[in-house]
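What follows is each chain in one-letter form.
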Amino acid sequence: MVERTPIADILTQILLFLALLAALAPFGIVAIAATQDLRTVNQVPMPLIPGHDLAKNIVEAWARADLGRKIVNSILFAGGVAAGKVVIAGLSAFSLVFFRYRGRVLIFWLIFITLMLPLEVRIVPTYAVAANVLSPYQTLLDLTGISWLIEKVTSVRIALQWGLLNTYTGLILPLIATATGTFLYRQFFRTIPDELIEAAKMDGAGALRFLKDILVPLSKTNMAALGTIMFVWGWNQYLWPLLVTTDAAHGTAVMELKELIPGSFGIPDWNVAMAGTLVIMLPPLLVVVLMQRWFVRGLIATEK
Amino acid sequence: MRTTLFSAISTLAFACLLATPATADPVKIDFWYGNSGDISKRVQEVCQHFNDSQKDYQVVCTSQGSYYAAVQNTIAAFRGGKPPTIVQVFDVGTLDLMLSDAYYPANKLMADNGYKVDWNNYFPGIRAYYASSKGDMFSFPFNSSTALLYWNKDAFQKIGKTEAPKTWEEAAADMKALKDAGYDCPFAFDISEEESWQLMEQFSAVHGEPIATKNNGFGGLDAELTFNKTKFVKFATDLKNWYDQGLAKIKSPKTGEDYVAAFASGHCQMTLTSVGDHGNIGRTADPNMHWDVAMLPVYEGTKRHNSFVGGASLWVLKGHSPQEYKAAAAFLNFISQPEQALFWSTVTGYIPVTKTGFEYMKSHGFYDKPPYKGRETAIAELNVEPVGSGPGGIRLGNFLQIRGELSNGLQEIFANKKDVQQALDETVQRGNAILRRFEATYKGKQLP
Amino acid sequence: MTTSDSELGLVPRPLVGGEAPERSAGRFAGVPASRKRERAQMEGRAFFTSHWLGIALIAPQILLIFTFFYWPAGVALFWAFTLERPWGGGNEWVGLANFTAMLSDPVYWNSIVSSAIFAAASTGLAMSTALVLALLTDRELRGSRIYRSVLVWPFAIAAPALGMAFRFILAPEAGFMAFVNKIWPGLWNPALHGADAMICIVIAFSWKYISYDFIFFLAALQAIPKSLIEAAAMDGAGLLRRMRDMQIPLLAPTLFFLIVINLTDSFTDSFGIVDIMTQGGPARATELMVYKIYFDGFKGLDYSGAAAQSIILMLLVIVLTIAQFRFVERRIHYK
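Since the structure is predicted, the reported quantities are computational estimates derived from the model, not experimental observations.

Of regular secondary structure, chain A possesses 16 helices and 0 strands. Whereas a compact globule of 304 residues would reach a radius of gyration of roughly 19 Å, chain A reaches 25 Å, over 25% beyond that. Residues counted as buried form 53% of the 304 residues belonging to chain A. Sequence separation of at least 24 residues holds for 76% of the intrachain contacts in chain A that already meet a minimum separation of 6.

Here is the structure:
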């Protein structure tokens, strides 16, 4: 791009094109399967010539899985998760990198460890918390005797109750607490030269001002990457939304996808399942395309 | 034009008035089940039928995506204080629930709500699986099935046979004949964890071989596995020999085509699978392919015993109001009606669980013609002899993990890492350790 | 802002305490670098002094992870010391019995080895491929806009689609691999050969994570201003030289981030792939630790066993991560 390198250019294009094929191949298979009829899709190997049943399969999948409403729910849910993660992780990393207080390193590790225990293992107690998000605090009050004390003194029995089932809060909150974003921001913030901070302090700008006017603009590409990944990740969450939404109106699209997948002894209508998959995958794919505009290289060195 | 519009509007307004409920809202209950795909659609239809048939109750049916997720999510909800009213629990999950304090026994539920249920109407083979030691049924069988031998009539015609093999010796001879006639895959089977039930469990059932002591676990939590000392060892050895000779092939999603699809496409000529696949094979096979089902073969000289029922049953959970239990009882009563049995067996491959249901279907000519002809074999297989002459099923704890051990053992056999007896001995040893852990977890508890 | 030529280059400053040397090159080349650090802090970084603000900023996350992670995880992990009944109603205290049973079981050690192999293979494959692709895309040749989107798409694929598609590609009788098996019969059979099955899950897992790594690499590369690249080119650095000496070192913080995340996820997030593709087989060849946890706990309702295994897995990953922070991060130059 700076000098002429025709051989390197050709090589680059070839490699990238091969990568493109590898990236698209599975999607292509799904798309082809979505166009087949029942008998063809179950042939092994599945023929790679597209069939004619795409519209029919999509209609069937849409109706069975109530996709319209579910996709809207998913958009709100995944958007909430992405926004929540970007904001919370940013604030936490800002605190960890640019402040000094005791226990910082411990807190970083505590946040980090949340990556290491998958939800499936802690699903039962996590659900209990979602059913009553104040139950840990209730238990603590009970265990330390505080609630007994308060009852004795004021004869008011403390029974904290705040249910999060079937709410967007319950869907989103437990998922935005993880460490990926915090770690990412930390890496980036540590590359910020001290001079920027010193200069900001000399100008009399407080920490929050620094965050808003300097850090956030600098973090744009990172935020875009994180937001994209987290939207897609949130979109594909299956287990937690399934558990937290017992009301069909609150369901998400990927939950419905699981229900479309042929189970044992049912008719193996993979064509319908893949048609549904195709529709459900479209929004995150679109988000990825749209977010690319934030990946713009700066022309000159960024300045304060 | 105007008058039509006016009449349309007035009709709509009138309809809205009528639609305003003058009565109370129906009592809503949750039913969580594990089926997905096409079966899930059918379950929704059953629920819809119930909701449409009356106005007092409404059942909200939600698929959890898989049997495991249904049980796991229900446990989470139960321990979080918000369980569904009815949950579908698959065979392997039965014992944990039975030993817990979380359910409202079916017989008590129906009696408390004024329903007289003839529990003897349930087929004995099915009933035994879900009943307590006293014979009380704690849950409602819902989607039940059993294993059958599927055979390709066209291929068998080529080797001059018009009937399916009745013994494994005959089956072996048929496999050889098929191979010589040019068929590449006379017999298809799978040894993944989800699939060992027909190779070991159903085999042991029809041969009357114990899988574990204490009547396969019905007699107590201190049962021990025994299938490394029974005819199953012979069967596993034979299977390995057939595999080595190219007469039997492993067909699974990992190789590409699973054994049901292999049979339906005509690539393989015989396989063992559930009656539940009868409908699929009908739908996905070439219409010109002639095939049929038969009872599982037994070794020569063995008396045939009942096969085991597979599938899942419906349990009612504690923690609900009397109104909700009324609704649950109404729903469970509804689905046990013969008409519902006919519907369910028509749209799925599952078999009717009640005698009246079966008779009703027979009288409507259900079993007389394709695509349903042949499924009555499954009922016959479950009821070869009266109940009480053997265990009615399997009642072992952590059985999913035991199945996993067996599957690993079989895989080691077929990957030539261990010989048959050695692999099965190790499986039984590890399986017994699992059973002892289960026993310790429920120390002091008696089987109901 | 003056830009002395030393600021564009790499001027080592005197080390204070045991800290790593910090450079002042990179995207902030317009900012004057100070040669001497007068601070006595161990980390040598500027900071804001308000304690309470710092704590207030991190409080939301702490509250969230306490409520939704540590509290439930604590309950779940407590079960490792008991024999827990799935439906509740009682448990038996057994102390460390679950752990000793686990650690004396050769099958369990097999799963530790499988997990390590899987983690190393998938992390290596994903990161190296993603890095190359990101460097190539960053050159902004024709069509790069398409590549930037499509190469991220694999991360968005839904799990059932992944399973079905890869079954089509990798199964010995279906699709592509059938050709290979026609030429060399019996060569490829993930249903019976353990190594083939491991290759399957490594490919399927890496395929997704290549996208994940790619987007972060690309973001980091795109943040390098053009002027810097041009300056280096004018200094006579060719394409490969620029990649090796400028772009990759500037990627170091991102590289570290991705290594840690890739390794962690390959230990803790891979059970889905195994469940779809191999279910731990054949003969336990792909029985990863986390899959065993999923199978025993989520499917098999053995909460205590799963909890004990989870603790061991967590400790393993924590030790691994601490090792990375101690030995690898030391050599990363942040500024």
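To continue, consider the overall build of chain C. Across its full length, chain C holds 14 helices and 2 strands. Within the span of chain C, comprising 335 residues, buried residues form 49% of the whole. Of the contacts made within chain C by residues no fewer than 6 positions apart, 67% connect residues no fewer than 24 positions apart.

Counting residues at the interface gives 100 residues for chain A and 100 residues for chain C. A per-element tally of the side of chain A that touches chain C places helix α1 (residues 6–34) of chain A first, with 16 residues. Residues that form the side of chain A that touches chain C fall into these classes: 71 nonpolar, 18 polar and 11 charged.

Bringing the nonpolar core into the picture now. Of all hydrophobic cores here, the largest spans 332 residues; its most connected members are Val30, Ala33 and Met274 of chain A together with Ile201, Phe214 and Phe217 of chain C. The greatest single-element share of this core, amounting to 19 residues, is contributed by helix α8 (residues 194–222) of chain C. When neighbours within four sequence positions are excluded, Ile201 of chain C is seen to be in contact with Phe118, Ile273, Val274, Met277, Thr278 and Thr286 of chain C.

We now examine the interface of chain C and chain B. With 28 residues of chain C at the interface, the matching set in chain B holds 34 residues. No other element matches the 4 residues that helix α13 (residues 289–299) of chain C contributes to the side of chain C that touches chain B. Of the residues in the side of chain C that touches chain B, the class split is 14 nonpolar, 6 polar and 8 charged.

This part takes up unusual backbone geometry. Residue Pro370 of chain B is joined to Pro371 of chain B through a cis peptide bond whose omega torsion reads 0°. Looking at the secondary structure, you find Pro371 of chain B in the loop between α16 (355–363) and α17 (376–382). A cis geometry characterises the amide bond from Gly281 of chain C onward to Pro282 of chain C, with omega recorded as -10°. Of note in this structure, Asn166 of chain A is not a glycine but carries a positive phi near 60°. Residue placement: Asn166 of chain A occurs in the loop between α8 (146–154) and α9 (168–172). Asn166 of chain A sits in the partly exposed class, given 15 other C-beta atoms within 10 Å. Of note, Asn215 of chain B is a non-glycine position whose phi angle comes to about 60°, a positive value. Along the chain, the position of Asn215 of chain B falls in helix α10 (residues 213–216).

Turning our attention to helix α6 (residues 159–170) of chain C. Structural remark: α-helix, 3.6 residues per turn; residues separated by three or four positions point the same way. With 12 residues, α6 of chain C should cover 16 Å at 1.5 Å per step; its first-to-last C-alpha distance of 16 Å lies within 8% of that length. Contacts from the buried residues of α6 of chain C go to α1, α15 (253–260) and α16 (270–291) of chain A together with α7 (175–183), α8 and α12 (271–277) of chain C.

In low-pLDDT segments, the atomic positions of the prediction should not be examined closely. All names here are of chain C. Of all residues in chain C, 86% have pLDDT values of 70 or greater, and the mean over the chain is 82. When mean pLDDT is taken per element in chain C, helix α4 (residues 106–138) scores highest with 95 and helix α1 (residues 5–8) scores lowest with 34. Across residues 1–42, confidence stays below pLDDT 50; counting only partners more than four residues off in sequence or on other chains, it has 66 contacts. Among the prediction metrics, the complex's ipTM stands at 0.87, with pTM recorded as 0.87.

Turning our attention to the packing of helix α13 (residues 220–235) of chain A against α16 of chain A. Residues and elements named next belong to chain A. Contact geometry for α13 and α16: axes closest at 10 Å, N-to-C directions at 175°. It follows from the interaxial angle that α13 and α16 lie roughly antiparallel. Contacts from Ala224, Gly227, Thr228, Phe231, Val232 and Trp235 of α13 reach α16 at Pro283, Pro284, Val287, Val288 and Met291. Of the residues contributing to the contact of α13 with α16, the split by class is 9 nonpolar, 2 polar and no charged.

Before going further, it helps to examine the pairing of strand β11 (residues 310–317) of chain B. On a regular strand, each side chain points to the face opposite its neighbour's, so the side chains alternate between the two faces of the sheet. Residues and elements named next belong to chain B. Among the 8 residues that make up β11, 8 are buried, leaving the element largely enclosed by the rest of the structure. As judged from the 5 bridges shared by strand β3 (residues 86–90) and β11, these two strands associate in the antiparallel manner. In the sheet register, Val87 faces β11, and the bridge partner there is Trp315. With 2 bridges connecting them, strand β4 (residues 103–104) and β11 associate as antiparallel partners. Paired with Tyr103 across the strands is Leu317, a residue of β11. In this structure, strand β5 (residues 140–145) lies alongside β11, joined through 5 bridges in antiparallel fashion. Following the sheet pairing, Phe140 is matched in β11 by Leu314.

What follows concerns the confidence of the model for chain A. When pLDDT is averaged along chain A, the result is 86; 96% of the residues meet or exceed 70. Within the model, pLDDT remains below 50 along residues 300–304 of chain A, and this stretch shows 17 contacts once partners closer than five positions in the same chain are excluded.

Our focus in this paragraph is the sheet that holds strand β10 (residues 291–294) of chain B. Residue and element names in this part refer to chain B. The strand order across the open sheet formed by 5 strands is β8-β7-β9-β6-β10, and the pairing between neighbours is mixed. The two strands at the open ends of the sheet, each matched to only one other strand, are β8 (248–250) and β10. This sheet shows a mean twist of 30° between the axes of neighbouring strands, independent of strand direction. Relative to β10, strand β6 (residues 147–152) is paired through 4 bridges, and the arrangement is antiparallel. By the bridge assignment for β10, Tyr150 is matched with Val293. Contacts from helix α8 (residues 168–180) reach β7 (185–189), β8 and β9 (268–274) within the one sheet, and its direction differs from that of β7 by about 125°.

Turning to the domain arrangement of chain A, a few remarks are in order. All names here are of chain A. When its domains are assigned, chain A resolves into domain 1 (1–65 + 261–289) and domain 2 (69–246). Computed over C-alpha atoms, the centres of domain 1 and domain 2 are 35 Å apart. If you look at the interface, domain 1 gives 5 residues, while domain 2 gives 7 residues. The element best represented in the side of domain 1 that touches domain 2 is α16, accounting for 4 residues.

We now examine the environment of Ile413 of chain B. All names here are of chain B. Checked against the element boundaries, Ile413 lands in helix α18 (residues 399–414). According to the C-beta neighbour criterion, Ile413 is buried, with 24 such atoms within 10 Å. C-alpha of Ile413 to C-alpha of Gln44: the two residues are 369 residues apart in sequence and 42 Å apart in space. Filtering out sequence-adjacent residues up to four positions away, Ile413 remains in contact with Ala236, Lys240, Lys418, Val420 and Ala423.

With that out of the way, let us pick up the environment of Met102 of chain C. Residues and elements named next belong to chain C. Along the chain, the position of Met102 falls in helix α3 (residues 97–103). The class for Met102 is buried, based on 20 C-beta atoms found within 10 Å. Remark: the alpha-carbon pair of Met102 and Ile312, spanning 210 residues in sequence, is separated by 9.5 Å. Discounting chain neighbours no more than four positions away, the residues touching Met102 are Tyr108, Ala308, Gln309 and Ile312.

On to the packing of helix α4 (residues 67–98) of chain A against α13 of chain A, then. A pair of packed helices can be characterised by two numbers: the angle between their axes and the separation between those axes. Residues and elements named next belong to chain A. Look at α4 against α13: their axes get within 8 Å of each other, and the N-to-C directions meet at 140°. As far as their axial angle goes, α13 and α4 are oblique. The interaxial crossing formed by α4 with α13 has right-handed handedness. Mapping the contact onto sequence places Ser74, Phe77, Ala78, Gly79, Val81, Ala82, Lys85 and Val86 in α4 and Met223, Leu226, Gly227, Met230, Phe231, Gly234 and Trp235 in α13.

A separate point is helix α12 (residues 207–218) of chain A. In a regular helix each residue adds 1.5 Å, so 12 residues correspond to 16 Å; α12 of chain A covers 15 Å between its end C-alpha atoms and thus fits that length. Listing the buried residues of α12 of chain A in full gives Ala207, Phe210, Leu211, Leu215 and Leu218 of chain A. An end-on view of α12 of chain A places all buried positions within 100° of arc, on one side of the element. In α12 of chain A, the exposed residues that point more than 90 degrees away from the buried face are Lys212 and Pro217 of chain A. Along its buried surface, α12 of chain A packs onto α4 and α11 (194–202) of chain A together with α2 (51–78) of chain C.

Residues and elements named next belong to chain B. Most of β9 is tucked away: 7 of the 7 residues are buried. Examined bridge by bridge, β6 and β9 share 5 bridges and lie antiparallel to one another. Residue pairing across strands places Ala147 opposite Ser274, the latter belonging to β9.

All names here are of chain A. Locating Gly227 in the fold gives a position in helix α13. Classification of Gly227 as buried rests on a count of 20 C-beta atoms within 10 Å. When the C-alpha positions of Gly227 and Ala83 are compared, they lie 6.9 Å apart, and in sequence the two are 144 residues distant. Among all residues touching Gly227, those that are not within four sequence positions of it are Ala82, Val86 and Met291.

Basis of the calculations
- Residues numbered from 1 in each chain as written.
- Chains lettered and ligands numbered in written order.
- Predicted model: local features only at pLDDT ≥ 70, side-chain atom pairs only at ≥ 80, totals over all residues.
- Helix = DSSP H or I, 4+ residues; strand = E, 2+ residues; numbered from the N terminus.
- Rg over C-alpha atoms; globule rule 2.2 N^0.38 Å.
- Buried ≥ 20, exposed ≤ 12 C-beta atoms within 10 Å, placed from the backbone.
- Contact = placed C-beta atoms within 7 Å.
- Nonpolar A, V, L, I, M, F, W, Y, C, P; charged D, E, K, R; others polar.
- Core = buried A, V, L, I, M, F, W, Y, C linked by C-beta atoms within 7 Å.
- Expected span 1.5 Å × (residues − 1).
- pLDDT = per-residue confidence, 0-100.
- Axes fitted to C-alpha atoms, helices over the stretch in contact; angles between N-to-C directions.
- Parallel < 35°, antiparallel > 145°, perpendicular 65-115°, else oblique.
- Pairing = 2+ DSSP bridges.
- Domains from an automatic or database assignment.
- Left-handed = near helix turned anticlockwise from the far one by under 90°.
- Arc of directions from axis to C-beta.

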